[in-house]
Amino acid sequence: MGAGGRPGTAQESSPPVRPADRHGRGLAYLFAVFAGARIYLLIDEDQGFAAAPRQRLDAAYALYQTAGDFQGIVYLSCAALFVAWFFRTRRNTGLPAPDRFRRGPGWAIGGRLIPLANFWLPYRIAVDMWGAATPLPADGEPYRASIWPVNLWWGLLVSSTLFGQYAASRYESAETLMEIRAAVMQYMAADALDTAAAVAGVYFAVRLTSRHWLKATASSPYGE
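Residues numbered from 1 in each chain as written. Predicted model: local features only at pLDDT ≥ 70, side-chain atom pairs only at ≥ 80, totals over all residues. Heavy atoms only, no water.

A word on the overall build of the chain. Each helix and strand in the chain was counted, giving six helices and zero strands. When the helices and strands of the chain are read in sequence order from the N terminus, they spell out α-α-α-α-α-α. Within the span of the chain, comprising 224 residues, buried residues form 39% of the whole. Here the chain has roughly 12200 Å² of accessible surface; of this, 63% comes from carbon and sulfur atoms. (Helix = DSSP H or I, 4+ residues; strand = E, 2+ residues; numbered from the N terminus. Buried < 20%, exposed > 50% of the residue type's maximum accessible area, 1.4 Å probe, protein only. Areas by Shrake-Rupley, 256 points an atom, 1.4 Å probe, with all protein chains shown as cover.)

Below, the discussion takes up the environment of Ser-159. Its location among the elements puts Ser-159 in helix H5 (residues 148-173). Overall, Ser-159 belongs to the partly exposed group, its relative accessible area being 37%. A sequence separation of 35 residues divides Ser-159 from Asp-194, and the C-alpha atoms of the two residues are 8.7 Å apart.

Below, the discussion takes up unusual backbone geometry. Trans is the common state for peptide bonds, and a negative phi is the common state for residues other than glycine. Of note in the backbone geometry, Leu-116 takes a positive phi value of approximately 70° without being a glycine. Its location among the elements puts Leu-116 in the loop between helix H3 (107-110) and helix H4 (121-132).

This brings us to the packing of aromatic side chains. Under the defined criterion, the tally for this structure stands at 15 aromatic pairs. With a centroid separation of 5.7 Å and an interplanar angle of 50°, the aromatic rings of Phe-82 and Trp-153 are classed as tilted. Linking Phe-82 in helix H2 (residues 54-94) with Trp-153 in helix H5, this pair joins segments that are 71 residues apart in sequence. Residue Phe-82 is classed as partly exposed on the basis of its relative accessible area of 23%. Taking the relative accessible area as the measure of exposure, Trp-153 reaches 3% and is therefore buried. Ring centres of Trp-130 and Phe-204 lie 6.2 Å apart, and the angle between their planes is 25°; this geometry places the pair in the stacked category. Within this pair, whereas Trp-130 is found in helix H4, its partner Phe-204 is found in helix H6 (residues 177-219), the two being separated by 74 residues in sequence. Overall, Trp-130 belongs to the buried group, its relative accessible area being 1%. (Phe/Tyr/Trp six-rings, centres within 6.5 Å; stacked < 30°, edge-to-face > 60°.)

Bringing the pattern of salt bridges into the picture now. Summed over all chains, the structure comprises two salt bridges. The partner of Arg-102 in a salt bridge is Asp-128, with the nearest N and O atoms 2.8 Å apart. Remark: Asp-128 occurs in helix H4 and Arg-102 occurs in the loop between H2 and H3; sequence separation between them is 26 residues. In this structure Asp-128 comes out as buried when scored by relative accessible area, which is 8%. Where Arg-124 meets Asp-128, a salt bridge forms, and the shortest distance between an N and an O atom there is 3.8 Å. Taken together, the residues Arg-124 and Asp-128, both in helix H4 and four residues apart, mark about one turn of the helix. Overlapping salt bridges, with partners in common, bring together Arg-102, Arg-124 and Asp-128 in one network. (Salt bridge = Lys/Arg side-chain N within 4 Å of Asp/Glu carboxyl O.)

As structure tokens, this is what we get:
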């Protein structure tokens, strides 16, 4: 799995396998970036030679593999929680405003399982939920809320997904140390995009939950 040969000589190596689904959260990203940076720094930029003994490069590969496995585990947990929240929020926001939705609550989950459509359907459902949580009209004028939190979250999510797939293909096809070095840098950039998407997703979830709660409280006969 590591690079063969002695330090200071040109060498080729196949990169360690990364899990197909690399999206993690929080510390998983930092762990992956740290592990990727170790490989990046151990390969000489000018000559494409190993700048450290093979044992250190193999250890860096092993750490990178562990980071990828950790990301996969964290992703599955976070994805399950987010999808559960997304479905529940779709159902709750649809109760007082069923006319704001084009599709039933089941699409909050099913829309993610349809190839290609999963790049669009969850976004449309999120926009509908955001609109359903819009405050009630005041003084005869409807309140038009900006949907930039939805656009920011979804734009970063799609960008990180597509760039992550590109980085994965480059990493898996890398043969020389310089190709591995370049692919690792692309993976770290993809992890940075994933981190930004995760932060934007949390912001979107908090804002949407708050807006829905405020609207439900305002329309309740027991509200202030």
